[in-house]
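A look at the structure
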Protein chains: 4
Amino acid sequence: MARYEKAHCIEDFRRIAQSSLPKMVFDFIDGGSGMEATLRENRAALDRVKLVASAPVNVATRDQSVTLFGQTYAMPLIIGPTGLVSVAWPQGELVLARAAGKAGIPYVMSTAASATMEDVARAGDGRKWFQLYAFRDREISKAMVRKAASLDFEVIEIAVDNPIPGTRLRDSRNGFSIPFKWTPGKLWNVATRPGWLWRMMRNGAPKMELLSEAFGLQEAPTIAAVLQKQLDPGVDWDYIRELRDLWPRAFVVKGMLDPSHVEAAVASGVDGVVISNHGGRQLDGAASSIEMLPEFVAAAAGRLTMLIDSGFRTGTDIVKALALGAHSVQVGRPTLFAAASGGQPAVERALAVLRNEIDIAQALLGAAAISDLNPSHVRFR
Amino acid sequence: MARYEKAHCIEDFRRIAQSSLPKMVFDFIDGGSGMEATLRENRAALDRVKLVASAPVNVATRDQSVTLFGQTYAMPLIIGPTGLVSVAWPQGELVLARAAGKAGIPYVMSTAASATMEDVARAGDGRKWFQLYAFRDREISKAMVRKAASLDFEVIEIAVDNPIPGTRLRDSRNGFSIPFKWTPGKLWNVATRPGWLWRMMRNGAPKMELLSEAFGLQEAPTIAAVLQKQLDPGVDWDYIRELRDLWPRAFVVKGMLDPSHVEAAVASGVDGVVISNHGGRQLDGAASSIEMLPEFVAAAAGRLTMLIDSGFRTGTDIVKALALGAHSVQVGRPTLFAAASGGQPAVERALAVLRNEIDIAQALLGAAAISDLNPSHVRFR
Amino acid sequence: MARYEKAHCIEDFRRIAQSSLPKMVFDFIDGGSGMEATLRENRAALDRVKLVASAPVNVATRDQSVTLFGQTYAMPLIIGPTGLVSVAWPQGELVLARAAGKAGIPYVMSTAASATMEDVARAGDGRKWFQLYAFRDREISKAMVRKAASLDFEVIEIAVDNPIPGTRLRDSRNGFSIPFKWTPGKLWNVATRPGWLWRMMRNGAPKMELLSEAFGLQEAPTIAAVLQKQLDPGVDWDYIRELRDLWPRAFVVKGMLDPSHVEAAVASGVDGVVISNHGGRQLDGAASSIEMLPEFVAAAAGRLTMLIDSGFRTGTDIVKALALGAHSVQVGRPTLFAAASGGQPAVERALAVLRNEIDIAQALLGAAAISDLNPSHVRFR
Amino acid sequence: MARYEKAHCIEDFRRIAQSSLPKMVFDFIDGGSGMEATLRENRAALDRVKLVASAPVNVATRDQSVTLFGQTYAMPLIIGPTGLVSVAWPQGELVLARAAGKAGIPYVMSTAASATMEDVARAGDGRKWFQLYAFRDREISKAMVRKAASLDFEVIEIAVDNPIPGTRLRDSRNGFSIPFKWTPGKLWNVATRPGWLWRMMRNGAPKMELLSEAFGLQEAPTIAAVLQKQLDPGVDWDYIRELRDLWPRAFVVKGMLDPSHVEAAVASGVDGVVISNHGGRQLDGAASSIEMLPEFVAAAAGRLTMLIDSGFRTGTDIVKALALGAHSVQVGRPTLFAAASGGQPAVERALAVLRNEIDIAQALLGAAAISDLNPSHVRFR
Ligand SMILES: Cc1cc2nc3c(=O)[nH]c(=O)nc-3n(C[C@H](O)[C@H](O)[C@H](O)COP(=O)(O)O)c2cc1C
Ligand SMILES: Cc1cc2nc3c(=O)[nH]c(=O)nc-3n(C[C@H](O)[C@H](O)[C@H](O)COP(=O)(O)O)c2cc1C
Ligand SMILES: Cc1cc2nc3c(=O)[nH]c(=O)nc-3n(C[C@H](O)[C@H](O)[C@H](O)COP(=O)(O)O)c2cc1C
Ligand SMILES: Cc1cc2nc3c(=O)[nH]c(=O)nc-3n(C[C@H](O)[C@H](O)[C@H](O)COP(=O)(O)O)c2cc1C
């Protein structure tokens, strides 16, 4: 019996990932920026939201489906965009895409993916979304948008919360920096995780394929450096409007935390937002997304699809956001931990665990359908 | 001197139970659902309620009795329904019923009891209440109601907070699942608790007797499986009204947390409620019952008898709820821990400890009678 | 150099006491009732009060004196009543009385003292106050009041917060119960503290001298038992008025926590109150006295002298209460810890430490006189 | 590679300082007064301020400069005044002054400096400010003011929060007292830090040069004693006005915490304040400066330059204060830790780290200029 088969919740997958990945790789995935205050606050804020179970209610027939941008998905969960997934498991992006497809939920491919857009588009039979980073060279961004359209990605999420990269102290301490250099410590790190080493050796070092192609580069370090240099810190609503107008389908802004931008978003023709602090990986000290959600819901008054991420680990976390007005929830690390625990079957199990947790939370809350969830189901002080 | 004779508070009984029971059995009793956030919050919320001792008041003659549904009980405490008590001590339900009788308080028998209704009805000379689970096959539920009436159970509590079972991670990790399978770990678990093993061997493995009879089954695993499959997730106020009308005496809904259902409860002819999150064993992330109590009291405005449970461990916990408007308090684990510590005499000691704690709290608060307790005795921020 | 000479704050004295006293004696002094929730809350609540240093203010000449009931004392500190002080140091009450006298502050003798009223009255040249327990046999209470008057005690504090004793779990676990019985554990306890043992052997076992005399008893256990049986749980404002009218000087009610009694106190001719939860030793779960203080101050509107105790350990703790409206602060354990650390010189040092801390707090707060302290010096959320 | 080159945040410098300095020296720098409640609260309060990242905003061109009293500085950071810096690194004040100059920020020299005003004035090419202690002998204070003016110090900060010294328990316990006496413990302390010992031996024991000169003294202990005796606890607004009128340039009051003094400050001709609790080293139990900041900003209504210190460790801490209305932030320990970690290059690195952290925080918050920061960027509950 593989270890991941004993995982009963996301925290279990995290522990398995921790013992499967070299420390520096685990820390790259698990860590947050700065003092990790926001990383901790993400958990603490979700814990401050209390659920009011509303029994007795007939929940014999339960429905977890949600409709986002005209498409119906099996549950209110989205595998959010994360770069370089292959560092967790060979062909990580394809693994996630296939598992998402099987589970009937969207997979959001990152601009920093270690796979090509073509490969992801073909992986499994689920719906693919594309997360775009805006580049200084706007032609490159636009080319990506056009390519995503031609490959039938359904939704674009433009990430706006990293005009520049956050400080990741775990990475600095572990020497997990770009360009990468070997030290005895790191070698030892890797040597103690022979399974991972073996998988990487057989499949080749992960590379940011999409960027490599877009910028015409070959060397992994150079690509990462290019990413850092080419990210455009000048993204504003005008640039967004420009990209939005190129794109035929739903357009989402990922990484918003300030409800005062809601009007601008609506005015720019944006269809939805992902309220997010990037999982505590960008601005340390940032408020939790769940704490900002009610202000967004009030400001948007139904004009935007509300997605949210950062810190969601259980079905109850997810229903808390839904009750407060989110339409669906994205996850970053949970499915990375699962991938690192055993590839696609592990991710499938993780999604099944979450689906089951959502189903139980929904049943015990007295909400037969996701749309039955509403603010009376929570107390948030 | 038996170990339980050195127990001075419920926490002491818990510790003795922990060293008397195999880990998986202790965890089954002690644990909560999911991340156990609600289990912790139950304690934390009670600690947030502060008592305002109102000396000097004449408390020379103190009276702990309460009247519930026309009957007077010796103190504001009820042994709440818990299934399969024999896993803690042979003939556990009878042990609890007899001790409750001696203490002059109600014992609530569970549908999942490891004893028959006839045996419980005959155990000791106290008043018995019956906790009902509603089944998909409504005839079975109704038959139970009729039988409870014929055996002179005084009150029915219909449990509405488990349309489906919660996730119990400790049980999953310990492999305490249904159907049960032996592993070396579990054998070792049991081998280190020879006293418990000896008691179980002499008395036979605990079985859900009531369900076994109701569904005509013999095998323990099958019974548990049937329980899970037959629990009706479709319970609503109509079904409750139907059962209520069959029952000649007081009818209580157990497992409510949402005060917005109060009107429906009154309209359905319900006499009382047990505000509860099932001891943190069903919806993880649920609010504490003590936090919801004031909203219930306000909404009911005297039309419902207010019972409450989940996390009550001391006399001061109990008077906090009474001061906020509850009429009596149920306990689940406290008397299970006591039973596991030494059977009936241990349970009697636990009830005496709680009675003494209530008496002291009452005296020090300046409330000669339970009805003297009122919101001015607490500050809850 | 004696150990207590290295004590720089009350917490240091506590640590020295812990290593000087047998565990069961230390626990008797240090412990609280029940789960010790109130003991912890006393500390936590004081920590929630934040001081607003109001520099620049001329604090070149500082005055710590306070006037209570017409007498001026050197600082806003009172050694509060504690029973059986000789268990900490031989002739403990006399030690405390002499040190208080030297420091120019009141010493409050307890009804449960291990010294006679005559001896305390003669000890040192400070002012003595008397703490009275009301007995079922009212003649005994009255006789004590008359004797206190004839011996020139200045103030009577009638304690109303122990109509019955609280539950002290540390004492129960240590077997520190009345009547006392030796066990191997307790012998070992004592054997590891030879200094204490030697002092007790030379001076004889501590006895509640005052009660012994009042009830005409000789045996220590019998006396303690009598205390428990004779304490009157029927004290109300009428009984207090009766005693008040017997007493020629200032009359204080100790152990109040409920501001709704303020009018009754005024109406009964009471001059002051000690807001107190008995140092977390009576009603576990009680609010902290500092949290209740503002409500008392508002209700009394200057008609009562406001004393307070429970948890005060530092000069800043003390000025917090003064800023919120208290006139002086009593301490229980701090001076017991000091006495146990080295008798009278240790207590003198502890009082000097506190005096210095008050002086510093006052200077840094910008309050040249104690009367300059006011609510603008604190933020309490 | 020197150890400080591996420091990635101020906490890293603190750890290096801890292993480089003898315990008593580290504790002297690191410690707070009393129970260190305020030291802890400084951290806790900053953590309670949450940032609202306001992407997308064009932050391609970022400017960290701030203008204070007519001068433009490279970033909103000031090295605040700390005495006897040479205890951390030889010629500590000059080290700090030179590093500040290179970084384009002010260095505030302390009256208790271990360097002369002339030497500091000449160190590096940055702007120097002078922190003044008011002495009982007002002529000495005035002479210092005049000398500071003649040496072209730009700003005077008069410290008002130590009319008398706070209680530093770590120092008392370590025997780090004045006059200094060697004990075996202290010798061992120093022996385990040979690098520090070597540096001190080569450069001579640190001495408060400025005071030594001002009072015409030679012996280190005598100087410290003089400082304690000569500090004027009688400073009030009149004395401040007197000094203010002597000084030709900007005049700041350092160590204010009470917003009710704002009018007096304005009326006395003061140009700015440093809201401060002296890094938790004076009044233990004091509120955090960040908590008081909003009240100051409201009261001053733009009439005072608002500086703040106490507990700031990261770029996000700093932008929190700026968003709430501060104009710049002072630090005490951060640059001392850095100096102790490796002298001037280490301090330069620490300033670069902070500058980078501010830049990142600013970028991720969506504030291209420091003046773009405003209260909408924070939630403070
Ligand atoms: C290892 C890792 C890589 C990530 N890479 C990207 C990325 O390339 N693009 C992006 O928009 N977000 C990226 N994110 C952020 C996630 O999309 C998401 O906002 C975040 O992980 C949510 O928090 P959670 O991990 O607590 O679920 C990454 C997150 C992680 C953990
Ligand atoms: C081991 C165990 C079994 C339980 N079985 C039942 C049951 O069969 N029916 C029911 O209504 N509640 C059941 N409960 C819930 C209790 O009635 C009660 O709501 C809960 O234990 C109260 O919390 P406490 O344990 O903190 O007192 C059970 C609780 C425990 C701990
Ligand atoms: C060992 C001990 C004995 C006490 N005995 C008495 C007593 O005999 N009478 C009384 O009124 N209070 C008694 N008290 C309570 C104190 O007067 C006071 O209310 C309490 O100690 C204040 O809290 P503190 O110890 O935190 O200062 C006693 C307290 C202690 C610790
Ligand atoms: C070791 C040390 C010495 C200090 N000496 C002085 C001083 O001589 N004059 C002064 O005004 N403040 C002095 N301070 C206080 C600082 O100026 C500043 O208010 C405080 O350190 C800010 O808190 P932080 O250390 O958390 O940044 C000193 C602080 C430390 C840590």
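Anything mentioned here points back to the structure above.
Structure report, in brief. (Residues numbered from 1 in each chain as written. Chains lettered and ligands numbered in written order. Predicted model: local features only at pLDDT ≥ 70, side-chain atom pairs only at ≥ 80, totals over all residues. Heavy atoms only, no water.)

Right, let's talk about the pairing of strand S6 (residues 128–132) of chain B for a bit. Residue and element names in this part refer to chain B. Here S6 lies mainly inside the structure; 5 of its 5 residues are buried. Residues Lys128, Phe130 and Leu132 of S6 are buried on one face, and the alternating residues Trp129 and Gln131, pointing to the opposite face, are buried as well. Here 3 bridges tie strand S5 (residues 107–109) to S6, and the two strands are oriented parallel to one another. Across the sheet, valine 108 pairs through a bridge with tryptophan 129, a residue of S6. The parallel pair S5 and S6 is bridged by helix H5 (residues 117–122), and the resulting crossover is right-handed. Pairing geometry for S6 and strand S7 (residues 155–159), over 4 bridges, is parallel. Within S7, the residue paired with phenylalanine 130 across the bridge is isoleucine 156. (Buried < 20%, exposed > 50% of the residue type's maximum accessible area, 1.4 Å probe, protein only. Helix = DSSP H or I, 4+ residues; strand = E, 2+ residues; numbered from the N terminus. Pairing = 2+ DSSP bridges. Right-handed = clockwise from strand over helix to strand, strands pointing away.)

Between chain B and chain A, the residue contacts involve 34 residues of the former and 28 residues of the latter. Surface buried jointly by chain B and chain A totals about 2500 Å² across both partners, of which 62% is contributed by carbon and sulfur atoms. In this assembly, chain B and chain A are joined by 5 salt bridges. Grouping the constituent residues of the side of chain B that touches chain A by class yields 17 nonpolar, 9 polar and 8 charged. (Contact = heavy atoms within 4.5 Å. Buried area = accessible area lost by both parts, 1.4 Å probe. Salt bridge = Lys/Arg side-chain N within 4 Å of Asp/Glu carboxyl O. Nonpolar A, V, L, I, M, F, W, Y, C, P; charged D, E, K, R; others polar.)

In this section: the site of ligand 1. Residues and elements named next belong to chain A. The environment of ligand 1 is formed by 23 residues, the closest being Pro81, Ser110, Asp309, Gly311 and Gly332. Measuring from an oxygen atom of ligand 1, one finds a side-chain N or O atom of aspartate 309 at 2.6 Å. Contact distances for ligand 1 include 2.8 Å between an oxygen atom and a backbone N or O atom of glycine 311. Contact with the protein chains covers 97% of the free accessible surface of ligand 1, which is 600 Å². In terms of residue count, the dominant contributor to the shell around ligand 1 is helix H16 (residues 333–365) (3 residues). Considering only residue class, the shell around ligand 1 consists of 8 nonpolar, 10 polar and 5 charged. (Near = heavy atom within 4 Å. Polar contact = N/O pair within 3.5 Å; in protein donor to acceptor, adjacent residues only side chain to side chain. Areas by Shrake-Rupley, 256 points an atom, 1.4 Å probe, with all protein chains shown as cover.)

All right, on to the interface of chain C and chain D then. Counting from both sides, the interface comprises 28 residues of chain C and, opposite them, 34 residues of chain D. In this assembly, chain C packs against chain D so that about 2500 Å² is buried in total across both faces, 62% of it on carbon and sulfur atoms. At the surface where chain C touches chain D, the tally comes to 5 salt bridges. As a salt-bridge pair, glutamate 41 of chain D and lysine 50 of chain C come within 3.5 Å of each other at their nearest N and O atoms.

This part is about the environment of serine 114 of chain D. Residues and elements named next belong to chain D. With respect to the helices, strands and loops of the structure, serine 114 is situated in the loop between strand S5 (107–109) and helix H5 (117–122). Residue serine 114 is classed as buried on the basis of its relative accessible area, which comes to 10%. Taking C-alpha positions, serine 114 is 9.5 Å from leucine 94, a pair spaced 20 residues apart along the chain. There is a polar contact of 2.7 Å between the side chain of serine 114 and the side chain of serine 86. In terms of polar contacts, serine 114 uses its side chain to reach the side chain of glutamate 93, at 2.8 Å.

Moving on, we come to the site of ligand 2. All names here are of chain B. Close contacts around ligand 2 come from 23 residues, with Pro81, Ser110, Asp309, Gly311 and Gly332 the closest. At 2.6 Å, a backbone N or O of proline 81 approaches an oxygen atom of ligand 2. Between an oxygen atom of ligand 2 and a side-chain N or O atom of arginine 313, the distance comes to 2.9 Å. Burial of ligand 2 by the protein amounts to 97% of the accessible area it has alone, namely 600 Å². Those elements that provide at least two residues to the shell around ligand 2 are helix H2 (23–30) and helix H16 (333–365). No other element matches H16, which puts 3 residues into the shell around ligand 2. Each residue belonging to the shell around ligand 2 can be placed in one class, and the counts come to 8 nonpolar, 10 polar and 5 charged.

Let's shift gears to the environment of leucine 51 of chain C. Mapped onto the elements, leucine 51 of chain C comes out in strand S1 (residues 49–51). Given a relative accessible area of 0%, leucine 51 of chain C falls into the buried group. If we skip the residues at most four places from it in the chain, leucine 51 of chain C touches Thr316, Val319, Lys320, Leu365, His377 and Val378 of chain C together with Leu257, Leu283, Asp284, Gly285, Ala286 and Ala287 of chain D.

Take the packing of aromatic side chains next. What the rule picks out here adds up to 24 aromatic pairs over all chains. Consider the rings of tyrosine 73 of chain B and tryptophan 129 of chain B, whose centres lie 6.1 Å apart with planes at 75°: the pair is edge-to-face. Placement of the pair is tyrosine 73 of chain B in strand S3 (residues 71–73) and tryptophan 129 of chain B in strand S6, with a sequence separation of 56 residues. Like tryptophan 129 of chain B, tyrosine 73 of chain B is buried. Every member of this aromatic cluster is reached through a ring pair, and the members are Phe69, Tyr73 and Trp129 of chain A. One cation-aromatic arrangement involves arginine 249 of chain C over tryptophan 247 of chain C; the distance from NZ or CZ to the ring centre is 5.2 Å. (Phe/Tyr/Trp six-rings, centres within 6.5 Å; stacked < 30°, edge-to-face > 60°. Lys NZ or Arg CZ within 6 Å of the ring centre and 35° of its normal.)

Residues and elements named next belong to chain B. Relative to each other, H2 and H16 sit at 155°, their axes nearing to 10 Å. The angle between H2 and H16 falls in the class roughly antiparallel. Across the interface between the two elements, Phe26, Ile29 and Asp30 from H2 touch Arg333, Leu336 and Phe337 from H16. (Axes fitted to C-alpha atoms, helices over the stretch in contact; angles between N-to-C directions. Parallel < 35°, antiparallel > 145°, perpendicular 65-115°, else oblique.)

Another aspect to go through is the side chain of glutamate 357 of chain C. In this fold, glutamate 357 of chain C is placed in helix H16 (residues 333–365). Buried charge glutamate 357 of chain C goes without a salt bridge, the closest partner of opposite sign being arginine 173 of chain D at 8.6 Å. Among residues more than four places away in sequence, those in contact with glutamate 357 of chain C are His8, Cys9, Arg313, Thr314 and Gly315 of chain C. (Lys, Arg positive; Asp, Glu negative; His and termini not counted.)

Okay, the environment of leucine 46 of chain C next. Residues and elements named next belong to chain C. By the element assignment, leucine 46 lies in helix H3 (residues 37–48). Given the relative accessible area of 0%, leucine 46 is considered buried. Spatially, the C-alpha atoms of leucine 46 and alanine 346 are 25 Å apart, while their sequence positions differ by 300 residues. Every residue in contact with leucine 46, bar those within four places of it in the chain, is listed here: Ile290, Ser310, Gly311, Phe312, Asp317 and Lys320.

Our next topic: the arrangement of the chains. Considering only C-alpha positions, the minimal separation of the non-contacting chain A and chain C is 15 Å. As for chain D relative to chain B, no contact occurs, and the smallest C-alpha gap between them is 15 Å.

Moving on: the relation of the copies chain C and chain D. Between chain C and chain D, the superposition needs a rotation of 90° and an axial shift of 0.0 Å, giving an RMSD of 0.0 Å. Viewed as a symmetry operation, the transformation between the two copies matches a four-fold axis. Residues of chain C ranked by C-alpha distance from the rotation axis are headed by arginine 381 of chain C, positioned 7.6 Å from it. (Least-squares fit on C-alpha atoms with pLDDT ≥ 70 in both.)

On to the packing of helix H3 (residues 37–48) of chain A against helix H14 (residues 289–300) of chain A, then. Residue and element names in this part refer to chain A. Taken N-terminus to C-terminus, the directions of H3 and H14 make an angle of 60°; their axes are 8 Å apart at the nearest point. Relative to H14, the element H3 lies oblique. Seen from H3, the contacting residues are Glu41, Asn42, Ala45, Leu46 and Arg48; seen from H14, they are Ser289, Ile290 and Glu291. Taken together, the residues of the contact of H3 with H14 sort by class into 3 nonpolar, 2 polar and 3 charged.

Spatial relationships are all this shows, so hold off on functional conclusions.
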